[in-house]
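# Architecture and fold: a report
Residues per chain, in single letters:
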Amino acid sequence: MQSSIVAKLLKVLTIISETRKPLTFSEIVAQSGMNKSTIHRILAICTQEKLVQFDKQRKVYLVGSKVFDLVRNAYSGYDIQAIALDDMLRLHAQVEGSVTIGILSGMEVVYLRILESDYALGTIQRPGMREQVHCSASGKALMAFLPDNMIDAKFKDYNFKPYTDRTITDLPAFKTAVDEVRRAGFAWNDREEYDHLVGISAPVFNYLNEPIAVLNVWTVHARHSLPDILNWSAMLKEAADNVTGLIGGAPPEIDALKAG
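Values in this document were obtained by computation on a predicted structure and should not be read as measured data.

Attention shifts here to the confidence of the model for the protein chain. Chain-level statistics for the protein chain give a pLDDT mean of 90 and a share of 93% at 70 or above. Mean pLDDT values over the elements of the protein chain span from 73, in helix 4 (residues 65-77), up to 97, in helix 6 (residues 137-144).

Right, dumping it as structure tokens:
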């Protein structure tokens, strides 16, 4: 069965979008395995629809403006908390803690939605609550997957306010925590902001490999110690990975984040 024009068009777009340099007509033909007449017809359609643009001076093809418009419109139109809700509900049914989703706002994490634990935890949290990044699992998860030089810039003149005797109080200690988060794929908070709260957080990434949101599970230490809630980390990471997949995202390569 011959492949459809749509499949062929997608193949050509993929070749053009994944290349490290703009391609000539002959190079596209060679990489696609299709004949010249077919490639000519597909490129004509793509150029007309602005999916591909042709540089007449260099005689090469590049991704067109329409592709970027489609991506921008898709990302400007979604509500991350609505997209994440099903995975949050599933996670909420699996663990004995509260489940939240948050985003970075300056050097604070703002929580958009909170699913309270079915068990009385003695602490009530509401949408809109904020936490500083250095003393929260969510803050560590969002910061850890930024490039090292960006972390250094963000924490220039930052006040590492101590909330408990477990709070991280300087940048070297925070960067040590960042390395641990990168290796594990999630972050944890062991009574670093409040003496009675523990939590774990996993980031959600966009198509640029940037952390744009974080899923968090928290509970009170009297009910669950940190080793207890670390047993929920696989379920938390699966939920965050699912949300990342729903928005076409992917995590960054860790080596690409490291300075030098």
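For the coordinates displayed, the defined rule picks out 11 salt bridges. The closest approach of N and O atoms between Asp190 and Arg166, which form a salt bridge, is 3.3 Å. Of the two residues, Asp190 sits in strand 6 (residues 187-190) while Arg166 sits in the loop between helix 7 (148-154) and helix 8 (171-184), which places them 24 residues apart along the sequence. Using a relative accessible area of 16% as the deciding quantity, one classes Asp190 as buried. Residue Arg166 is classed as partly exposed on the basis of its relative accessible area of 39%.

So, about unusual backbone geometry. Phi is positive for Asp157, which is not a glycine, with a value near 65 degrees. Position of Asp157 relative to the elements: it lies in the loop between helix 7 and helix 8. According to the relative accessible area criterion, Asp157 is exposed, its value standing at 75%. Phi at Arg191 is positive, roughly 60 degrees, even though this residue is not glycine.

Turning our attention to the packing of helix 1 (residues 5-18) against helix 3 (residues 36-48). Helix 3 packs onto helix 1 with a crossing angle of 80 degrees between their chain directions and a minimal axis gap of 10 Å. In this view, helix 1 runs roughly perpendicular relative to helix 3, as classed from their interaxial angle. Two secondary-structure elements touch here, helix 1 through Ile5, Lys8, Leu9, Val12, Leu13 and Ile16 and helix 3 through Thr38, Ile39, Arg41, Ile42, Leu43, Ile45 and Cys46. Class assignment for the residues of the contact of helix 1 with helix 3 results in 10 nonpolar, one polar and two charged.

With respect to burial, helix 6 is a largely interior element, eight of its eight residues being buried. When helix 6 is considered as a whole, its buried residues turn out to be Ala137, Ser138, Gly139, Lys140, Ala141, Leu142, Met143 and Ala144.

Reading guide: rules and limits
- Residues numbered from 1 in each chain as written.
- Predicted model: local features only at pLDDT ≥ 70, side-chain atom pairs only at ≥ 80, totals over all residues.
- Heavy atoms only, no water.
- pLDDT = per-residue confidence, 0-100.
- Helix = DSSP H or I, 4+ residues; strand = E, 2+ residues; numbered from the N terminus.
- Salt bridge = Lys/Arg side-chain N within 4 Å of Asp/Glu carboxyl O.
- Buried < 20%, exposed > 50% of the residue type's maximum accessible area, 1.4 Å probe, protein only.
- Axes fitted to C-alpha atoms, helices over the stretch in contact; angles between N-to-C directions.
- Parallel < 35°, antiparallel > 145°, perpendicular 65-115°, else oblique.
- Contact = heavy atoms within 4.5 Å.
- Nonpolar A, V, L, I, M, F, W, Y, C, P; charged D, E, K, R; others polar.

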